[in-house]
Protein chains: 6
Amino acid sequence: MDEPQGADSGPDNLLAMPRFAGITTFFRLPHQPSAEGLDVAIAGVPFDGGMTNKNGARHGPRQVREMSHAHIRPFHPTSERSPFRICRAADLGDVPINPINQADSLARIEAFMARIVAAGAKPLSVGGDHLVSLPILRAVARERPVGMVHFDAHSDTYDTVFDDPYDNGTPFRRAIEEGLLAPERTIQIGIRGSQYSADDLTFARQSGIRVVTIDEYFELGNQAVVALARRVVGDGPVYLSFDVDALDPAYAPGTGAPEVGGYSVRDAQVMIRGLRGLDVVGADMVEVAPPLDPLGGTARVGANILFELMDVLAETVL
Amino acid sequence: MDEPQGADSGPDNLLAMPRFAGITTFFRLPHQPSAEGLDVAIAGVPFDGGMTNKNGARHGPRQVREMSHAHIRPFHPTSERSPFRICRAADLGDVPINPINQADSLARIEAFMARIVAAGAKPLSVGGDHLVSLPILRAVARERPVGMVHFDAHSDTYDTVFDDPYDNGTPFRRAIEEGLLAPERTIQIGIRGSQYSADDLTFARQSGIRVVTIDEYFELGNQAVVALARRVVGDGPVYLSFDVDALDPAYAPGTGAPEVGGYSVRDAQVMIRGLRGLDVVGADMVEVAPPLDPLGGTARVGANILFELMDVLAETVL
Amino acid sequence: MDEPQGADSGPDNLLAMPRFAGITTFFRLPHQPSAEGLDVAIAGVPFDGGMTNKNGARHGPRQVREMSHAHIRPFHPTSERSPFRICRAADLGDVPINPINQADSLARIEAFMARIVAAGAKPLSVGGDHLVSLPILRAVARERPVGMVHFDAHSDTYDTVFDDPYDNGTPFRRAIEEGLLAPERTIQIGIRGSQYSADDLTFARQSGIRVVTIDEYFELGNQAVVALARRVVGDGPVYLSFDVDALDPAYAPGTGAPEVGGYSVRDAQVMIRGLRGLDVVGADMVEVAPPLDPLGGTARVGANILFELMDVLAETVL
Amino acid sequence: MDEPQGADSGPDNLLAMPRFAGITTFFRLPHQPSAEGLDVAIAGVPFDGGMTNKNGARHGPRQVREMSHAHIRPFHPTSERSPFRICRAADLGDVPINPINQADSLARIEAFMARIVAAGAKPLSVGGDHLVSLPILRAVARERPVGMVHFDAHSDTYDTVFDDPYDNGTPFRRAIEEGLLAPERTIQIGIRGSQYSADDLTFARQSGIRVVTIDEYFELGNQAVVALARRVVGDGPVYLSFDVDALDPAYAPGTGAPEVGGYSVRDAQVMIRGLRGLDVVGADMVEVAPPLDPLGGTARVGANILFELMDVLAETVL
Amino acid sequence: MDEPQGADSGPDNLLAMPRFAGITTFFRLPHQPSAEGLDVAIAGVPFDGGMTNKNGARHGPRQVREMSHAHIRPFHPTSERSPFRICRAADLGDVPINPINQADSLARIEAFMARIVAAGAKPLSVGGDHLVSLPILRAVARERPVGMVHFDAHSDTYDTVFDDPYDNGTPFRRAIEEGLLAPERTIQIGIRGSQYSADDLTFARQSGIRVVTIDEYFELGNQAVVALARRVVGDGPVYLSFDVDALDPAYAPGTGAPEVGGYSVRDAQVMIRGLRGLDVVGADMVEVAPPLDPLGGTARVGANILFELMDVLAETVL
Amino acid sequence: MDEPQGADSGPDNLLAMPRFAGITTFFRLPHQPSAEGLDVAIAGVPFDGGMTNKNGARHGPRQVREMSHAHIRPFHPTSERSPFRICRAADLGDVPINPINQADSLARIEAFMARIVAAGAKPLSVGGDHLVSLPILRAVARERPVGMVHFDAHSDTYDTVFDDPYDNGTPFRRAIEEGLLAPERTIQIGIRGSQYSADDLTFARQSGIRVVTIDEYFELGNQAVVALARRVVGDGPVYLSFDVDALDPAYAPGTGAPEVGGYSVRDAQVMIRGLRGLDVVGADMVEVAPPLDPLGGTARVGANILFELMDVLAETVL
């Protein structure tokens, strides 16, 4: 029988094919059309129709996929294991969104994610703009509200922007209103930047979200913030959402609404690693906009963050 | 039964998934490990270990694949058909080359291509530097020498460079010496640029290759050059090799040895279309070096040239 | 009385302020909020919510404005006049579109343009994706259908894309259906590129549009195409629409759906200049997407095309 | 009466117009020709004729203006107010410098700034190279010397460079010699990088400037440096000058003389915020050179620093 | 005796050192401090203090030198000889200009060039902005006026810009006034683009310069323009000046004042080759501004043009 | 006698020639063909044929040379001396490697370095990929094993990659096997990133290398790591090897295998300065790949690291 030609051979077998070559999938995982049999289903959500400032995040999944393929080896240096060995994961491709119709796209994303959940897998998603977290939460938190650890420069809890309830500044207000998110079990880490008015964070705070501004972050330090996050989210189900603009733009310039003065990728790695053992039900990494950083440094950072999220998700299977 | 998730749906069904999204394959064709059952097998050859000047062509297949996925629709505007409807084609992924070992890589490329030929398919390859044409010819012309229509700024018939017989300036001298290429049925179109010495083209001319310098090209014009090419290669088997540096660098700056003063992409399209009906046994498009044109214009041009070659190959099936 | 500080002094007075400095307006014209008293009102239409492939044209007006400010002097070299001297023109700023709501944006664009028309001025618009031509035509052709000279690689007469009637591939089918465009007085110049199917141009041709494919363009040559265009549009009112992807991507790579093998900027200049004397009622230049060409060459080309359109519009005032 | 078309609506009304659109002014402030009635007058100084190494800072004002327009909202997150509400500010456009005549340009800058001062406003300037601080100080410190908090990698107190007394390495020596700057009330923060000789800092130190090298900066830490700065400048009038090369090039690569090993934007934000309540009489942010960072990250950082300076200036009005 | 280490080995010996490596000199020629014994002395003139729009041409010599080192082999394909074999040429390094003092720099350039002329060599210079041609002509045409073949988009015969007589728009008016240039033996090829007023070309035409606008160029064609140029300049001494903005920006975007609609590099090659046999006394290639085209395509074009000029100069030695 | 024209005048005389101009050499040092009479011989090693992921480091020496020429002044700010005054240093150009033959290149590099050592000088090398350290060590450690302070994200002690013993992931395993490196006197600082398997660091640790992972680095802090390094290497001969990917990619994105989460350039400066007084016998700085960071920030960082290494080497002469 003929040997396969052009096989990419998966994350554990990087030397069968140079890392810059082959059909690109997330982490060199197999591409499969359904989540049946998986623990973690990775998917791109190439929608940026919620972007009110600079767009381009629709191209995020493609470049993050490529960077994860070229730059991430399978073994995690601090958990000292390959997450792909302790859980079954695959690349489900991208959600077939409708680039010019927001309502249609939100429905498609929710349906796609609901099938993943129905198959018993946990979704690990790559945006797209942050609005995509809303339909993902509709699928993941359908049965009960979830807590959230939210890394971001922005609270994303505006009521409306341009008189519109659905954009990348509003998803978590909608999620709270829809009963998907338990605000008192939600923490936002790294909030900063110029604001529209004194009321920008009012809803978040009044609803019970624990807002850690960048000033508080630097006062407390990494370890204390992790401990705080664990206290806030507790033992219940929790979703992780990482907006790449949480990071200082020196690390991640390719995003639509960058805010100077953030934390480093190292800081983010340490914090995500500190979340191991939580009851994580899904995760996303969003807002990588490749046209705004064509050389791909931001996507490479995004791929590394995705690997950290993958490792935390993998642990939930043990 | 569950519908597949994340399916990319092939070249005929572009609207099932936005063109900027999904797992990338050449022309959105299915990725399959073997050439069995195919008429045309498209593969990347990500090797640039023959590059004596600026390297980076190892990254060519990935970016050309992506550009063909995003920008090429299935229906050809002048042949007025979809090549993918008149022949069976697929993406075989990339040849698993060894990036630091030239001899090993040449052997792997030849073996990969030989399997395609053995399966009854014709290879359509994406380089990589131009040295990759040599092992491809070893597979394609194993049984009898072939003619060639060669688009390039350089003749690539040096004897040695750096005292080495195998690099991207020597493949066609080796191919003639090995009896793979019939020089009197070979034409090179667009040769130009500063040279090492008066002898640069001596071997090509003495061996019988019809060298069309850029000056002659502009004197004759497109149509006459096509007619000449058809006369030179005649009715026998012919290979097509397109070095992207054949084009003026205004169209294709992302290549290791660009030479100003070339023809346009339009010119190339017209010439390739003029080769329909020849007994084409394989084709390649080489020397796209993405790091030298990070925004990808050169790769996009390369994807379009690949589509033209595909259409000529498809016709041979009729 | 104090002299104004920081005044930019308009297109005729370039040496009061370096061309790289000052508040940027189109051609250094005054910025004014209304079209009252104007012959030509230039406005940006920063909407790209109709873009089904690579987006970013929402940033077009800003960079085209900057390039027109830095690189266009007021005197036209072949009409031998300053268009700004023979007509009253100003920069009306950008249409306040809603970046996440297509229907709302189309209404805002139409209203903005209707006010220009009501003021007795002719709109010269800078996109944005090509969908913006539809609401502009709704304002300009409200009272009677207009003819059109349309420079583009694409016919933009699809029925639906992603099952949606409004995107950047459909505006002129909608315009014909709505009675805004007289297809038999419409010519499309430069149509090319791979297509979805054999039917891509069926509607355009059956409706009576004169489609000049790129092959026909190169057969006829510039002068014959201009003569043909003048015959097609005749003496009636005519709209000019210039999609920057009409040009070969070597000249204009920064656009969402580039197609290789087009004509040059020189060709476009010659053709637009050949349209002087027609009854032009408005014009647009669309699809410049700055994130896809950050150094701005495409926007600079766009600014030059805008200047040619301005000169043709200015002549209608004489 | 007709509503204005294309109005940008100022910093408090960001949702009337997308932030990526509209006529660009600093912080979306109104553009007005004179400083009459203003507390703070923001102006660009697009002159780089004092640049002895890599030039391009003449383009700084345009790109910083654009970035401030697109990325800065009006409300400051730690002062918890909009500086534009507590003082009257406007964009005065750019100083009409003469790009090829240094002496003429210095005179124009001084005259422009003197008119601002005469109108009772404080200038907030955007360079241009650092030489522009000299004519600004001539206007601001005409009546008495001022102290200065100077963020920079370089002391800028050379006597001559290329035998010339006026370039971007000499402004503060000239300012001391001219009696504009009180050296004993001046502090320089972040001085570092390879030097010409052991005497590079001799003048600064002998004249009484408090030079905080980067080594001392990292020993003391942010808070101690702020306290030191407040002690040095005391209660008298003080000017703030921020050279973007004070920052590590990871944050601000787009500048003519970058020096590795600097502090972060976060550090700078904290320090500038620590200067609230001083008797600040004017401020500048200089040396952003857009051609050296075409994607604009450096200009975006510059816009954020400008916002911090604005907030400190605004407080002086209270 | 020890063999030299790291030797670059000159243009005839490219394979002693990869073309991307070694100390960079023009065409890999030896670097020597004086023109004694040379026929042609190549030098960089890194001055852009005459630039009234976008600067950066001070970086031209460095990047053109690098591109000539990496991409130009010694043998000319149509003259069929190595210019470096038929004449003695070397790289004299760069003129030690004063970047912040125009008058000083003009004096230094003239002195540098006068020493070359005094040594019996002909200068081949690389700018810098076009103002540098003036001090070169002062050295070359000291004894009698020379004719000129001038490739450019601009006539560069303004009287003053910003009230200043010396900038990159005025050199040839000054040269005529100073008796350096014989206007009736001068031809300008490719003049185009928007102008300040109807008088832009008045001086050129009235003084007797033969102005070939781009429209006339395209009417006549390459061969006729070459014939015309030879008639205009006749048998006397002639200087060649090539402004890279003569070319269409698709070929040479990295320049301070690009004008769309120009000719191609191929066209330029053909025209320069057509000037062989004239009594050429010196030549320059100017206005390459690397920061405006960081990937270096424009500098590579400039290096190729320089090679063509070199070949024409070499022939004058025969 | 005539004064030299175009002289660059060395590191102590920066104002004889603008820093952006002149023939480029490392630190503006004289270029000389042999190391005779030198204390430190700086050379480029433009070989990247050991690169298994993204290549381009062959271009490192050219761009690092240019950046050191443009941005490094001669006087060190913390050692308070010019290293070029306390020792005799020169630029020996680049090693004439064979870009397509690894074995040949390794031999050439070793021979080149052996001549430097034989001349009594110490080599300071600029890569090239990290494999080049192996032939350098063969020359430097020929007579006895040396210790090493190794800054890197990777241990580079794999046995084989792609079944090949020589690539940029294996040099230090080979060096230990060949008796060139004393593992118990070797320390690696900053090791991090995803790995192939649990065994990636086994050889390094078992052989006795002191591996400081990035986690340990951040726990210990700069000063403790320096002290540890001094303890590990002791009084014997020691080699310094700095892979630019030791740094966080925010500082040095232009490298083939970047790993997020590293230390800063400031950190690296402090550590290298802490090594003064050791018996350093040679040093290298490798893996700058200019095509992956065309604007040159990574090369500029590399030039600064090279200056720190130079200063440490210079001290060994005292």
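Report follows, based on the coordinates.

How each quantity is defined
Residues numbered from 1 in each chain as written. Chains lettered and ligands numbered in written order. Predicted model: local features only at pLDDT ≥ 70, side-chain atom pairs only at ≥ 80, totals over all residues. Heavy atoms only, no water. Least-squares fit on C-alpha atoms with pLDDT ≥ 70 in both. Contact = heavy atoms within 4.5 Å. Helix = DSSP H or I, 4+ residues; strand = E, 2+ residues; numbered from the N terminus. Expected span 1.5 Å × (residues − 1). Buried < 20%, exposed > 50% of the residue type's maximum accessible area, 1.4 Å probe, protein only. Polar contact = N/O pair within 3.5 Å; in protein donor to acceptor, adjacent residues only side chain to side chain. Salt bridge = Lys/Arg side-chain N within 4 Å of Asp/Glu carboxyl O. Phe/Tyr/Trp six-rings, centres within 6.5 Å; stacked < 30°, edge-to-face > 60°. Lys NZ or Arg CZ within 6 Å of the ring centre and 35° of its normal.

**Focus: the relation of the copies chain A and chain B**
At step 1: Superposing chain A onto chain B takes a rotation of 180° plus a shift of 0.0 Å along the axis, which leaves an RMSD of 0.0 Å. Taken together, the rotation and translation describe the operation of a two-fold axis.
At step 2: Here 100% of the contact residues of chain A are again contact residues in chain B; the copies associate through an equivalent surface.

**What about helix α3 (residues 102-118) of chain B?**
All names here are of chain B.
At step 1: Its 17 residues place the ends of α3 24 Å apart at the C-alpha level, agreeing with the 24 Å of an ideal helix rising 1.5 Å per residue.
At step 2: Those residues of α3 that sit buried are Gln102, Ser105, Leu106, Ile109, Phe112, Met113, Ala114 and Ile116.
At step 3: In the core, the buried residues of α3 are packed alongside β1 (40-45), β2 (89-94), β3 (122-127) and α4 (133-140).
At step 4: Near the N-terminus of α3, the side chain that reaches the backbone nitrogen of Ala103, with its oxygen 3.2 Å away, is that of Asn101.
At step 5: One or two residues past the end of α3 sits Gly120, with phi positive at roughly 90°.

**Remarks on the arrangement of the chains**
At step 1: At no point do chain B and chain D touch; the closest pair of C-alpha atoms across them sits 13 Å apart.
At step 2: Chain C makes no contact with chain F; the smallest distance between any of their C-alpha atoms is 13 Å.

**Points about the pattern of salt bridges**
At step 1: If you walk through the whole model with that rule in mind, you get 102 salt bridges over all chains.
At step 2: A salt bridge links Arg276 of chain F to Asp311 of chain F; the nearest nitrogen and oxygen atoms lie 3.1 Å apart. Here Asp311 of chain F lies in helix α10 (residues 297-315) and Arg276 of chain F lies in the loop between α9 (265-273) and β8 (279-286), a separation of 35 residues in the sequence.
At step 3: Overall, Arg276 of chain F belongs to the buried group, its relative accessible area being 18%.
At step 4: On the accessibility criterion, Asp311 of chain F (0% relative accessible area) is buried.
At step 5: Each of the salt bridges in this network shares a partner with another, and the network as a whole consists of Arg81, Arg276, Asp311 and Glu315 of chain A.

**A closer look at the packing of aromatic side chains**
At step 1: In the structure shown here, the tally under the stated rule is 42 aromatic pairs over all chains.
At step 2: Consider the rings of Tyr158 of chain A and Tyr196 of chain A, whose centres lie 5.4 Å apart with planes at 70°: the pair is edge-to-face. Of the two residues, Tyr158 of chain A sits in the loop between β4 (146-151) and α5 (171-177) while Tyr196 of chain A sits in the loop between β5 (181-191) and α6 (202-207), which places them 38 residues apart along the sequence.
At step 3: The class of Tyr158 of chain A is partly exposed, set by a relative accessible area of 23%.
At step 4: Stacked on the ring of Tyr196 of chain C, the Lys or Arg Arg73 of chain B has its end atom at 5.5 Å from the ring centre.

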